[in-house]
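# Summary of structural features
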Amino acid sequence: MADSRITIEDQVELMSACAGIRTDVETASTHTFDELGVDSLGVLGIIAEIERRTGRKLGAEAELVPSPAALVALVNEDAPVHVEGA
């Protein structure tokens, strides 16, 4: 992750490194963090590592994204992200 964008492949790596969850790209693309077994502390660890690698502060909404794919979209600002409870 040399720039401010991330990929779903990066997310799979970060879920393993930061939350101890091993998965594949297809599963990470179609499941929520909850379904994958990533708890809120794991999500915070992933967000902190993304912020460190990209040099960008993601903000509080990043903590509320429901899935790896939604977090990728938020970081890349590619698409609107549905935030739980919003």
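Here we come to helix α1 (residues 8–19). If you check α1, its first and last C-alpha atoms are 15 Å apart, about what 12 residues at 1.5 Å a residue would give, namely 16 Å. Residues Ile 8, Asp 10, Gln 11, Val 12, Leu 14 and Met 15 constitute the buried set of α1. On its buried face, α1 is in contact with α2 (25–30), α3 (33–36), α4 (40–54) and α5 (68–76). Two residues or fewer after α1 comes Gly 20, characterised by a positive phi angle close to 70°.

α5 sits mainly inside the fold: 8 of its 9 residues count as buried. All buried positions along α5 are accounted for by Pro 68, Ala 70, Leu 71, Val 72, Ala 73, Leu 74, Val 75 and Asn 76. Looking at the packing, one finds that the buried side of α5 touches α1, α2, α3 and α4. Following α5 by one or two positions, Glu 77 adopts a phi angle in the positive range, close to 55°.

Let us now look at the nonpolar core. Among the nonpolar cores identified, the biggest contains 22 residues, and Met 15, Phe 33, Val 38, Ile 46, Ile 50, Leu 58 and Leu 71 are the most heavily contacted of them. Counting only elements with at least two residues in this core, the list comes to α1, α3, α4 and α5. Broken down by element, the residue count for this core peaks at 5 residues, all from α5. Residues within four places of Met 15 in sequence aside, it is in contact with Gly 20, Ile 21, Thr 23, Ala 28, Phe 33, Leu 36, Val 38, Ile 46 and Pro 68.

Examined against the element boundaries, Gln 11 turns out to sit in helix α1. Among the polar contacts listed, one links the side chain of Gln 11 to the backbone oxygen of Pro 68, at a separation of 3.3 Å. Contacts of Gln 11, omitting those with residues within four sequence positions, involve Ile 6, Phe 33, Ile 46, Ile 50, Pro 68, Leu 71 and Val 72.

Conventions used here
Residues numbered from 1 in each chain as written. Predicted model: local features only at pLDDT ≥ 70, side-chain atom pairs only at ≥ 80, totals over all residues. Heavy atoms only, no water. Helix = DSSP H or I, 4+ residues; strand = E, 2+ residues; numbered from the N terminus. Expected span 1.5 Å × (residues − 1). Buried < 20%, exposed > 50% of the residue type's maximum accessible area, 1.4 Å probe, protein only. Contact = heavy atoms within 4.5 Å. Core = buried A, V, L, I, M, F, W, Y, C linked by side-chain atoms within 4.5 Å. Polar contact = N/O pair within 3.5 Å; in protein donor to acceptor, adjacent residues only side chain to side chain.

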